[in-house]
Amino acid sequence: MAEHPPCTARGETPLQRADRNFVELLQELRVTQTGVQILFAFLLSLAFTSRFTALDTVQRATYVTTLLLAVLAAALFTAPAALHRSLFQQGAKPRIVQVSSRLATCGLVVLTFAFSGAVMLVVDVTTGRSGGIAAGGGTFLVCLGLWGLLPRLVGRAGTEDDRRGAPGPPPRPAQLRETVGRPSGLRPPAQRRAGASRGR
């Protein structure tokens, strides 16, 4: 089996890079799945409380919608594991990583609406409709800012820093041999004159 040459700054082959990316993705999914599990458990237990029968039509619709969104988010976050298991040892790791990353992104979008719906429902029941709508909208904006806007700003700032601090291209080996490795007496006349003028 032929060895793939390194293709990244870390000296990784394409398969090694796919393996590392998939491990990092699984670590991220463990964090998000914890939030989904807590939300899903809360919503399931809410249906068996004594106050659930007192919910009005809007509150019941919010509950059902939020519950379904939480189920969809959980399915999206667990799909990468199922995808990897189904395509195990079939040489599809780069494709698995690409599809899993998109599934995780969709899961975060769905989870934003699920969090917002859950907060809206709880605040609506405890304080009123206007407070619930305001709290749900605020939760949506916070998730949108932290999960959507912040990564873009950090990535843009990193790109600008790289542009400002990027060093120039390294000298070519031919240039090094012509200047560094050559005694001063063997340098071209123009370089000898420049060196003499600097010495004055």
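The structure we're discussing is the one just above.
Here we summarise the structure given alongside this text.

Reading guide: rules and limits
Residues numbered from 1 in each chain as written. Predicted model: local features only at pLDDT ≥ 70, side-chain atom pairs only at ≥ 80, totals over all residues. Heavy atoms only, no water. Patch = residues over 30% accessible without salt bridge, like charges linked within 9 Å, V, L, I, M, F, W, Y side chains within 5 Å. Areas by Shrake-Rupley, 256 points an atom, 1.4 Å probe, with all protein chains shown as cover. Salt bridge = Lys/Arg side-chain N within 4 Å of Asp/Glu carboxyl O. Helix = DSSP H or I, 4+ residues; strand = E, 2+ residues; numbered from the N terminus. Core = buried A, V, L, I, M, F, W, Y, C linked by side-chain atoms within 4.5 Å. Buried < 20%, exposed > 50% of the residue type's maximum accessible area, 1.4 Å probe, protein only. Contact = heavy atoms within 4.5 Å. Phe/Tyr/Trp six-rings, centres within 6.5 Å; stacked < 30°, edge-to-face > 60°. Expected span 1.5 Å × (residues − 1). Bend = angle between axes of the 7 residues up to and from the residue. Polar contact = N/O pair within 3.5 Å; in protein donor to acceptor, adjacent residues only side chain to side chain. Axes fitted to C-alpha atoms, helices over the stretch in contact; angles between N-to-C directions. Parallel < 35°, antiparallel > 145°, perpendicular 65-115°, else oblique. Left-handed = near helix turned anticlockwise from the far one by under 90°. Nonpolar A, V, L, I, M, F, W, Y, C, P; charged D, E, K, R; others polar.

**Some points on a nonpolar patch on the surface**
Then, in step 1: A grouping of Val 142, Leu 146, Trp 147, Leu 150 and Val 154 is seen on the molecular surface, where their side chains present a nonpolar patch of about 450 Å² in accessible area.
Then, in step 2: Mapped onto the elements of the fold, Trp 147 is located in helix H4 (residues 129-165).

**What to know about the environment of Arg 30**
Then, in step 1: Tracing the chain through its elements places Arg 30 in helix H1 (residues 14-46).
Then, in step 2: Separated by 47 residues in the primary sequence, Arg 30 and Phe 77 place their C-alpha atoms 8.8 Å from one another.

**Concerning the nonpolar core**
Then, in step 1: If you look at the biggest cluster of nonpolar residues, it comprises 19 residues, and the most contacted ones within it are Leu 39, Leu 43, Tyr 63, Ala 73, Phe 77 and Leu 111.
Then, in step 2: Discounting residues that sit within four places of it in the chain, Leu 111 has contacts with Val 36, Leu 39, Ala 73, Phe 77 and Trp 147.
Then, in step 3: Membership of the second largest hydrophobic core comes to five residues, among which are Phe 22, Ala 92, Ile 96 and Val 97.

**Quick notes on the packing of aromatic side chains**
The description of an aromatic ring pair rests on the distance of the ring centres and on the angle between the ring planes.
Then, in step 1: The final tally for this structure, using the stated rule, is three aromatic pairs.
Then, in step 2: Between the aromatic rings of Phe 52 and Tyr 63, the centroid separation amounts to 5.0 Å while the plane-to-plane angle is 70°, which identifies the pairing as edge-to-face. Taken together, the positions of Phe 52 in the loop between H1 and helix H2 (57-86) and Tyr 63 in helix H2 put the pair eleven residues apart, joining distant regions of the chain.
Then, in step 3: Given a relative accessible area of 14%, Phe 52 falls into the buried group.
Then, in step 4: A residue is classified by how much of its surface remains accessible, and Tyr 63, at 5% relative accessible area, is buried.
Then, in step 5: Ring centres 5.2 Å apart and planes at 45° place the aromatic pair Phe 113 and Phe 140 in the tilted group. Here the residue Phe 113 occupies a position in helix H3 (residues 93-126), and Phe 140 occupies one in helix H4, the gap between them amounting to 27 residues.
Then, in step 6: On the basis of relative accessible area, Phe 113 is assigned to the partly exposed category, the value being 43%.
Then, in step 7: Exposure remark for Phe 140: the relative accessible area of 25% places this residue in the partly exposed category.

**Details of the pattern of salt bridges**
Should the charged atoms of two oppositely charged side chains come close, the side chains can pair.
Then, in step 1: If you walk through the whole model with that rule in mind, you get four salt bridges.
Then, in step 2: Salt-bridge contacts for Lys 93 lead to Asp 19; the nearest nitrogen and oxygen are separated by 2.7 Å. Of this pair, Lys 93 sits in helix H3 while Asp 19 sits in helix H1, placing them 74 residues apart in sequence.
Then, in step 3: Exposure remark for Lys 93: the relative accessible area of 19% places this residue in the buried category.

**Section: H2**
Then, in step 1: Helix length check: H2, at 30 residues, gives a terminal C-alpha distance of 42 Å against a target of 44 Å (1.5 Å per residue), a fit within 8%.
Then, in step 2: At Thr 78, H2 is deflected by roughly 35°, the largest bend along its length, and proline Pro 80 occurs up to four residues later in sequence.
Then, in step 3: Along H2, the residues that are buried comprise Gln 59, Thr 62, Tyr 63, Thr 66, Leu 67, Ala 70, Ala 73, Leu 76, Phe 77, Pro 80 and His 84.
Then, in step 4: If you check the start of H2, you find a side-chain oxygen 3.3 Å away from the backbone N of Val 58, and it comes from Asp 56.

**Considering the side chain of Ser 100**
Then, in step 1: Inspection of the secondary structure puts Ser 100 in helix H3.
Then, in step 2: Take Ser 100: its relative accessible area is 0%, and that puts it in the buried class.
Then, in step 3: Side-chain polar atoms of Ser 100 contact the backbone oxygen of Ile 96, separated by 2.7 Å.
Then, in step 4: Every residue in contact with Ser 100, bar those within four places of it in the chain, is listed here: Phe 22, Leu 25, Pro 80 and Leu 83.

**Let's talk about the environment of Thr 66**
Then, in step 1: Locating Thr 66 in the fold gives a position in helix H2.
Then, in step 2: Separated by 47 residues in sequence, Thr 66 and Phe 113 place their C-alpha atoms 7.6 Å apart.

**Here's the deal with the packing of H2 against H3**
Then, in step 1: Between H2 and H3, the least distance of the axes is 8 Å, while the angle of their chain directions is 160°. Viewed along their axes, H2 and H3 adopt a mutual orientation that is roughly antiparallel. Viewed along their axes, H2 and H3 form a crossing whose handedness is left-handed.
Then, in step 2: By residue class, the composition of the contact of H2 with H3 is 24 nonpolar, seven polar and two charged.

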